[in-house]
Amino acid sequence: MVDRSQPVSRRGLFGALVRPFTRHLKERPVAHPEEIPDADTPRVAIIQGRFCLAYQGGVCFTCSERCPEPGAITTQQGIPTIHADLCTGCGICHDLCPAPVNAILVKAKPPTQTTEPSEPS
Amino acid sequence: MNTMERRDFLKLSAMAAATAAAQAKAGVERTALHKDAHGIRWDKAPCRFCGTGCHVKVGVKGGRVVAIAGAEDADVNKGLLCVKGYHVGGILYGKDRLTTPMLRKEGKLEPISWDEAITVIAERIYKNPQKFAFYGSGQWTIPEGYAAQKFIKGGLSNNHIDPNARLCMASAVTGFISTYGVDEPAGTYDDLDNASVVIFWGNNPAEMHPVLFSRIVDRRSRGEKVTIIDIGTRRTRSTEFADHYLEFRPQTDLAIANCIANYLIENDKYDKAFVEKYCNFRIDVDDKTRDLLGKASTFEEYKAKMSTYTLEYTSQLSGVSVEKLTMLCETFADSKQLITSLWCMGVNQHYRGTAMNRLLHGIHLLSGQFGKPGAAPTSLTGQPSACGTAREVGTLAHALPGGRIVAKPEHRADCEKAWNMAPGTINEKPGYHTVLMFEKFCTPTAEGGDIDTILVQVTNPGQTLPNLYKLFDAKKDLADKFLIVSEVYPTATTEIADLVLPAALWVEKSGVYGNSERRTQQWFKQVEPPGGAREDVWMTIAIARKLYDMGYPGMKDKDGKFIFSYKDEQGNEVPIWDYAHFNDINVDKALYEEYRPLTHAKHKNVAPYDVLVNAHGLRWPVVQTKDGNWRETRFRFTEADDPFVKKGTGLQFYHSTTNDDKAQIWFCPYEAAPEEPNKEYPFWLCTGRVLEHWHTGSMTMRVDQLRKAMPKAYVELNPKDAADKGINNGDLVKLTTARGEIVLPAWINGRAQPPRGSVFVPFFDEKLLINRLTLDVTCPVSKEPDYKKCATKVEKYNPTEKQPLP
Ligand code: SF4
Ligand code: SF4
Ligand code: SF4
C-alpha cells in the first residue's frame, strides 16, 4: 500500500507557498474586510502578496493586464507592483482579481500622496 | 415542505445513501476522507481541467461542494493549484446546468424522459448499427471510455469511435510508437526537478500547464539554476522567464530539430556509445509516402539526408540567427547538461506533427539526453485523461485497450477473450478518425455520407473541430442525420443537437483519470448531480441494455449474458442499467478491474483500484513488490527504475519496432505548411488556449472570477501591423480565411507579442468561433489537424465602433 502517513515537509511544498489557499465557494473572504472608501475619496490599490497568486509562485496577470492606467501596475518575472503615484484608485483590479482570497485592497490615499502632482491628468 | 419538495428530498436522501453504500463497497479504508471542525467533509479528486493532473481537496457540506484546496501530499502539485484549479468547484453550479433529456421536435428542444431518450438512441442504432459513431473524449474517465469501447467495438462490431484527443495528442502517439514501439513518455515530471535545461517547443506552460511551470520556476527561487530555452512562433507569458528565446517562422521547427542532429553528427558531438547500443536509424519509405513505420536506414544515409540542415540553411529558412542556433546545438552537444524537452499542441497540432515528434525524440537519443533523471523528451497532454482514456484504453478508431490495434488478429483475439465474445466479433478495419467521422456525418447519405448518428460524450465538437462550417454546421441541412450530445451546459454542440442528455460532472460521479506522466488517479462521487443529470457510463450501459432487450445479438456474450453484467458481493447480478440500482455496486471499480489485466500485454500495468483509492495517483507500470507494496515507475526503459527491463542491459526498449530492443532515430525532412500566407491572405493565423479558461470555456465561463478575468476572445496583433492598418486597441478587426470570417476586438501585442505578419486568437469563446476559420488538413500519419497555422486576411472593421478589451 502506498504510504501517505508521513506529514508533508515544508521543503516538499512549493518553496514560495506560505500556505495553501482554500477557496470557499460561497463566501469569498476579503483579506481585511474594512470598507472600501467611496469613489469621491482619493484612493489607491495595494496588493497583498500573501494572497496574490503571482506572489505565491503561481501564474496570474489579470490586474496588470486590465488596469486602465498606463504604468500603474508593472510586472517583473510575472510579479505585479502597483505604483501609487499612477494609480487612480478606480478599483478595477480589485473587482477582477481572481485569487481565492481577493489580493487587492483599495484604500484611501494617505494625505501625503494625494498632494503629489503625479496623477495623470 | 410541499409534496413536490418532499418527494425530491426523499429521492435525494435515498440517492445519497446509495452513494455512501457504493463507497463503502470500495473495500478499503479511505485515508483522504475526514471531517473538519466546521462540519466540512473533505475528500480528494484530481482537478477537472488540464493534463497536469493536480490533486485537489474537495470540501462538501450540505450536499454541495463548498471549498477547494490544493492537496499538499500530492506529488504533482504539492499543495499548489492554478487559478482554474482554485475555482474548480464553481463549475458545478452554473445557473444553466442541463437537468433533463431533451429531444428536438419541430426545431425546438422539448423535455422527455430518460427512458424515451434511451429508446430513441437504441432504435436508431438498431436500425443502422454500422452508420453509428461514438465521439468521445480525453475527459472521459477510464471506466467511461472502456465501457464505450466495449459497447461499440465489441457489442456493435463497429470501430467508428474516436476521442477528441485526435485533435490534441494523436501526433504524440504516432511519434512515440514509431520511435519506441509503444506509446507514452518515458520520463515524468520528476525530470523537471532535476533538469539543468528545460526547452519549451512551441509550448506555453505558464498558461497551459501553470502548476508545472511553477514547479520549474520555483527551483530558481530556491537558488537552483535552471536554464529555460523557449522556441516558438510568438512570445508568450512563458517567454518572460526564458533565458533564450528563439522565434521561428511557422513550420520550420522541423528544420531546427534537424539542424541540431546535423550539428551533432558533423562535429562528432553525438553520444556514440549510446547510439550504437540503443538506437537504429529510420526514414520514410520514399519521398511521398508518410506512414507509421517507414523503413530502416543506415547511419550514412541518415547523415547524408541530414547534411542539408546546416546552420546557415536553417537560419535562412527559420529566421533564427546562426548564433542562437549554435547556442541550441551546443546545449545538446554538452554532455554535462541534463535536458528536458516539453511540448504540447505546438508540436502535435502540426501538419507534420508525427515528424516533429519523431525529431524531438531523435535529438534526445542522439545526444544521449535520455534515461537519466532530468533528461527526457516529454510531451504534455491538454486533457485530464488524454493518456488514461484515449491512449491507454485505446478509444481511437484504430485501437484496442492496452496498446493493441484492431488490425492485428492476436490483439482482437485478446479482447474477444477478455470480453467473452465469439472470435471474429471485432472488426479488423479501423473506423473513421475524428475529421473523417464528421465529414461523413456532414455529407448527404446519398453522396456517401455513411455516418447517420453520432453520440457525443464529454466534449464540444461544435466549437473545437477545425473548419466548422464544413465539419459541423453543414449537418443542419441534413434531415436524416441525428446528433446526440451528453453535456452539462448548453454549448455550440447542443445548439444543433437532436437529442441532449444531461450529464453528471466531475465529483458528481466517480472516476479514474490518467495524466500526462502516466499517473492513474481515482476519485469517488461526492455530491449528487442536479435534477435528472446522470453519469455518462450509465448512459452507455443503459443504451446497450435497451439493445439487448430489443434482441440485438451483439449485446450478449458467448454465454448469452449481457455484456455489462456485474455482480454484488453476494454473487447476484445487479441491474445497473436501471438507474435506481446503478449505485448498488461500484460500477467504476467493476469496469476498471475488468480493464486492468488488458494493460499488462504492453507493460502498461495500471495499479489496482483499491490501491488507487488511497494514493494521489500512481505512475504505471505499477508492480507489486515482495513485501506486498505497489511500486510505480518514474523512468521507463531504464534498468534503474523500470521493473520490466532485463538486468545488465542498462536501457531496454522492450517494445522496439525492430525487435532488437532499440529505439528508432528518424530523419524527417522539412516540408512546407499546407497553407502559407499569400497575396490574398497575407497573415499567419494561430489559435490556442488562455490561462483562465479551459478549452471551450463551457465550464470555466460559468465561474464568475474566471469569466471576469478573461471575458471574451480577441485578436493579438503586432504593433507595427496594427499601425499600418490604423488599428488601435479595442478596434474591431475582421479576419478572413478561405473558409470563413470573424470580427473581434484587437489587442495590440496582447499576451504574446506576435511577430509581424501573424495574429493569434484564443478558441475559448463560444460567441466568437475562431474554428470557423481554421484548416482541416491533417498530419498524414496521425490524422491530427493543424490549428496553429493557416493564412488569413486582417482588416479594420467598422472604424467607428470600439469594443472593451479583455
Ligand atoms: S489579479 Fe490578484 S492574484 Fe492576479 S496578479 Fe493581480 S493581485 Fe495577484
Ligand atoms: S485601482 Fe485602477 S488604476 Fe489603480 S492599479 Fe487598480 S486598476 Fe490600476
Ligand atoms: S488546471 Fe491544470 S494546472 Fe491548473 S490546477 Fe487544474 S490540473 Fe493543475
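Focus on the overall build of chain A
Here's step 1: Across its full length, chain A holds three helices and five strands.
Here's step 2: When the helices and strands of chain A are listed from N to C terminus, the series reads β-β-α-β-β-α-β-α.
Here's step 3: In chain A, 67% of the contacts between residues at least 6 apart in sequence involve partners at least 24 apart.
Here's step 4: Per element, the accessible surface of chain A, about 6600 Å² overall, is 54% carbon and sulfur.

Details of the packing of helix α12 (residues 311–318) of chain B against helix α13 (residues 322–333) of chain B
Angle between the axes and distance between the axes: these two values describe a pair of packed helices.
Residues and elements named next belong to chain B.
Here's step 1: Where α12 meets α13, the axes come as close as 9 Å, and the angle between the chain directions of the two elements is 120°. When the axes of α12 and α13 are compared, the pair comes out oblique. The way α12 lies across α13 gives a crossing that is right-handed. Two secondary-structure elements touch here, α12 through Leu 311, Glu 312, Thr 314 and Ser 315 and α13 through Val 322, Leu 325, Thr 326 and Cys 329.
Here's step 2: Taken together, the residues that form the contact of α12 with α13 break down as four nonpolar, three polar and one charged.

So, the layout of surface pockets
All names here are of chain B.
Here's step 1: Each pocket or cavity is described by its volume, and for the second largest pocket that value is around 820 Å³.
Here's step 2: Around the second largest pocket sit 36 residues that line it, and Thr 174, Ile 177, Leu 292, His 398 and Ile 405 are the ones nearest its centre.
Here's step 3: Going through the elements one at a time, α5 (170–180), β16 (399–400) and β17 (404–405) are the ones with two or more residues in the lining of the second largest pocket.
Here's step 4: Examining the composition of the lining of the second largest pocket, we find that four residues originate from one element, α5, more than from any other.
Here's step 5: Split by residue class, the lining of the second largest pocket holds 16 nonpolar, twelve polar and eight charged.

As for the state of the cysteines
Residue and element names in this part refer to chain B.
Here's step 1: Enumeration according to the criterion identifies zero disulfides over all chains in this entry.
Here's step 2: The thiol of Cys 279 is unpaired, and the distance to the nearest cysteine sulfur, on Cys 668, comes to 15 Å.
Here's step 3: Residue classification places Cys 279 among the buried positions, given a relative accessible area of 5%.

Comments concerning the site of ligand 3
Residue and element names in this part refer to chain B.
Here's step 1: In the neighbourhood of ligand 3, the contacting residues comprise Cys 47, Phe 49, Cys 50, Thr 52, Gly 53, Cys 54, Leu 81, Cys 82, Lys 84, Gly 85, Pro 210 and Val 211.
Here's step 2: If you list the elements that add at least two residues to the shell around ligand 3, you get α2 (83–86) and α8 (210–221).
Here's step 3: Among the residues making up the shell around ligand 3, the classes are represented as eight nonpolar, three polar and one charged.

What about helix α9 (residues 253–266) of chain B?
Helical geometry note: an α-helix holds 3.6 residues per turn, so side chains three or four residues apart project in the same direction.
Residue and element names in this part refer to chain B.
Here's step 1: Taking 1.5 Å as the rise per residue, α9 with 14 residues should run 20 Å; its terminal C-alpha atoms sit 20 Å apart, in good agreement.
Here's step 2: In terms of residue burial, α9 counts as a mostly covered element, since 13 of its 14 residues are buried.
Here's step 3: Positive phi shows up at Asp 268, right after α9, with a value of about 55°.

Considering the pairing of strand β20 (residues 499–502) of chain B
Residue and element names in this part refer to chain B.
Here's step 1: Residue alternation in β20 divides its side chains into two sets, Leu 499 and Leu 501 and Val 500 and Pro 502, and both sets are buried.
Here's step 2: Bridge count between strand β5 (residues 102–105) and β20: two bridges; the pairing is antiparallel. Looking at the pairing, Met 102 lines up with Val 500 of β20.
Here's step 3: Relative to β20, strand β19 (residues 482–487) runs parallel, the two being bridged by four bridges. Along β20, the bridge assignment pairs Ser 486 with Leu 501.

Concerning the pattern of salt bridges
All names here are of chain B.
Here's step 1: Per the counting criterion, the structure on display carries 53 salt bridges over all chains.
Here's step 2: Among the salt bridges present, the one from Arg 220 reaches Asp 243, with a minimum N-O distance of 2.8 Å. With Arg 220 in helix α8 and Asp 243 in the loop between β10 (227–232) and β11 (244–247), this pair connects stretches of sequence that are 23 residues apart.
Here's step 3: With a closest N to O distance of 2.8 Å, Asp 704 and Arg 707 form a salt bridge. Here the residue Asp 704 and the residue Arg 707 both occupy positions in helix α24 (residues 704–709), the gap between them amounting to three residues, near one helical turn.
Here's step 4: Take Arg 707: its relative accessible area is 31%, and that puts it in the partly exposed class.
Here's step 5: One network of salt bridges, with partners in common, ties together Asp 190, Asp 193, Arg 215, Glu 517, Arg 519, Arg 619, Glu 632 and Arg 634.

Some remarks on the sheet that holds strand β6 (residues 108–111) of chain B
All names here are of chain B.
Here's step 1: Strand order in the open sheet formed by seven strands is β6-β5-β20-β19-β18-β7-β8, and the pairing between neighbours is mixed. In this open sheet, the two strands that pair with only one neighbour each are β6 and β8 (161–163). With direction set aside, neighbouring strand axes in the sheet form an average angle of 20°.
Here's step 2: Its contacts with the sheet place helix α3 (residues 114–127) against β5, β7 (132–136), β18 (453–457), β19 and β20, and it is angled at close to 130° to β20.
Here's step 3: Where helix α21 (residues 536–549) meets the sheet, it contacts β7, β18, β19 and β20, and its direction lies at approximately 150° from that of β18.

Concerning unusual backbone geometry
Residues and elements named next belong to chain B.
Here's step 1: Residue Trp 620 is joined to Pro 621 through a cis peptide bond whose omega torsion reads -5°.
Here's step 2: Secondary-structure assignment places Pro 621 in the loop between β23 (618–619) and β24 (623–624).
Here's step 3: The phi dihedral of Val 458 falls on the positive side, at around 55°, and the residue is not glycine.
Here's step 4: In this structure, Val 458 sits in the loop between β18 and α19 (461–464).
Here's step 5: Using a relative accessible area of 12% as the deciding quantity, one classes Val 458 as buried.
Here's step 6: At Lys 783, a residue that is not glycine, the phi angle is positive and equals roughly 65°.
Here's step 7: Among the structural elements, Lys 783 can be located in the loop between β31 (758–762) and β32 (790–796).

Comments concerning the sheet that holds β23 of chain B
Residue and element names in this part refer to chain B.
Here's step 1: The antiparallel open sheet is built from three strands, whose spatial order is β21-β22-β23. Two strands in the sheet have a free side with no partner beyond their single neighbour: β21 (511–514) and β23.
Here's step 2: Relative to strand β22 (residues 519–523), β21 runs antiparallel, the two being bridged by four bridges. Note on β22: the bridge partner recorded for Val 512 is Gln 522.

Description of the nonpolar core
Residue and element names in this part refer to chain B.
Here's step 1: Phe 151, Trp 201, Leu 366, Phe 370, Trp 506 and Phe 564 are the most contacted members of the largest nonpolar core, which totals 211 residues.
Here's step 2: Ranked by residue count, the leading element in this core is α9, at ten residues.
Here's step 3: Those residues in contact with Trp 201 that sit more than four places away from it in its chain are Ile 231, Ile 256, Ile 260, Ser 341, Leu 342, Trp 343, Val 347, Met 356, Leu 360 and Ile 363.
Here's step 4: Listed in part, the 24 residues of the second largest apolar core include Met 102, Leu 468, Phe 472 and Leu 769.

Some words on the packing of α9 of chain B against α13 of chain B
All names here are of chain B.
Here's step 1: Running from N to C, α9 and α13 point in directions that differ by 55°, and their axes come no closer than 9 Å. Our classification of the angle between α9 and α13 gives oblique. With respect to the hand of their crossing, α9 and α13 are arranged in right-handed fashion. Taking contact as the criterion, the partners of Ile 256, Cys 259, Ile 260, Tyr 263 and Leu 264 in α9 are, on α13, Leu 325, Thr 326, Leu 328, Cys 329, Glu 330, Phe 332 and Ala 333.

So, the packing of aromatic side chains
All names here are of chain B.
Here's step 1: Under the criterion given, the structure shown has 37 aromatic pairs over all chains.
Here's step 2: Plain terms: the ring middles of Phe 49 and Trp 694 are 6.3 Å apart, the flat faces sit at 35° to each other, and that makes the pair tilted. Of this pair, Phe 49 sits in the loop between β2 (41–46) and β3 (55–61) while Trp 694 sits in the loop between β27 (683–688) and α24, and the two are 645 residues apart along the sequence.
Here's step 3: For Phe 49, a relative accessible area of 1% gives the class buried.
Here's step 4: According to the relative accessible area criterion, Trp 694 is buried, its value standing at 3%.

Scoring rules and cut-offs
Each residue is numbered by its place in its chain's sequence as written, counting from 1. As a convention, the first chain written is A and the first ligand written is 1, with the rest following in written order. Owing to the predicted nature of the model, reporting of local features is limited to residues with pLDDT of at least 70; listing and counting of side-chain atom pairs is limited to 80 or more, with chain, interface and lining totals taken over all residues. Hydrogens and water molecules were not included; the side-chain quantities draw on all heavy atoms of the structure. The numbering of helices and of strands both runs from the N terminus, where a helix is a DSSP run of H or I of at least 4 residues and a strand a run of E of at least 2. Any pair of residues with heavy atoms lying within 4.5 Å of one another is described as a contacting pair. Here the Shrake-Rupley method, with its probe set to 1.4 Å, supplies the accessible areas, and only the displayed protein chains count as covering residues. Angles shown run from 0 to 180 degrees and are taken between the N-to-C directions of axes, each axis being a line fitted to C-alpha atoms and, for helices, limited to the stretch in contact. In what follows, roughly perpendicular refers to angles from 65 to 115 degrees, roughly parallel to angles under 35, roughly antiparallel to angles over 145, and oblique to any angle outside these ranges. What makes a crossing left-handed is the near helix being turned counterclockwise from the far one by less than a right angle; a clockwise turn instead makes it right-handed. Residue polarity is assigned by list, with Asp, Glu, Lys and Arg as charged and Ala, Val, Leu, Ile, Met, Phe, Trp, Tyr, Cys and Pro as nonpolar; anything else, Gly included, falls into the polar class. Buriedness for pockets is judged along seven lines, at least five of which must meet protein on both sides within 12 Å for an open set on the 1 Å grid over protein atoms alone, while cavities are sets there where a 1.4 Å probe fits but cannot get out, and lining residues have an atom within 4 Å of a point. Grid points are joined across faces, edges and corners, and a volume is the space filled by probe spheres set on the points. Disulfides are defined in this document as cysteine sulfur pairs within 2.5 Å. Buried, partly exposed and exposed residues are distinguished by accessible area as a fraction of the type maximum, computed with a 1.4 Å probe on protein chains only: under 20%, between the cut-offs, and over 50%, respectively. Residues are counted as near a molecule or strand when any one of their heavy atoms sits within 4 Å of it. Residue count minus one, scaled by 1.5 Å, sets the expected span of a helix. Following DSSP output, two strands are said to pair if at least two bridges run between them. By definition here, a salt bridge exists when the distance from a side-chain nitrogen of Lys or Arg to a carboxyl oxygen of Asp or Glu is within 4 Å. For this analysis, a nonpolar core means a set of buried residues of the types Ala, Val, Leu, Ile, Met, Phe, Trp, Tyr and Cys, connected via side-chain atoms within 4.5 Å. Pairing of aromatic rings covers Phe, Tyr and Trp, the last through its six-membered ring, and needs centres within 6.5 Å; plane angles under 30 degrees mean stacked, over 60 mean edge-to-face, and all others mean tilted.

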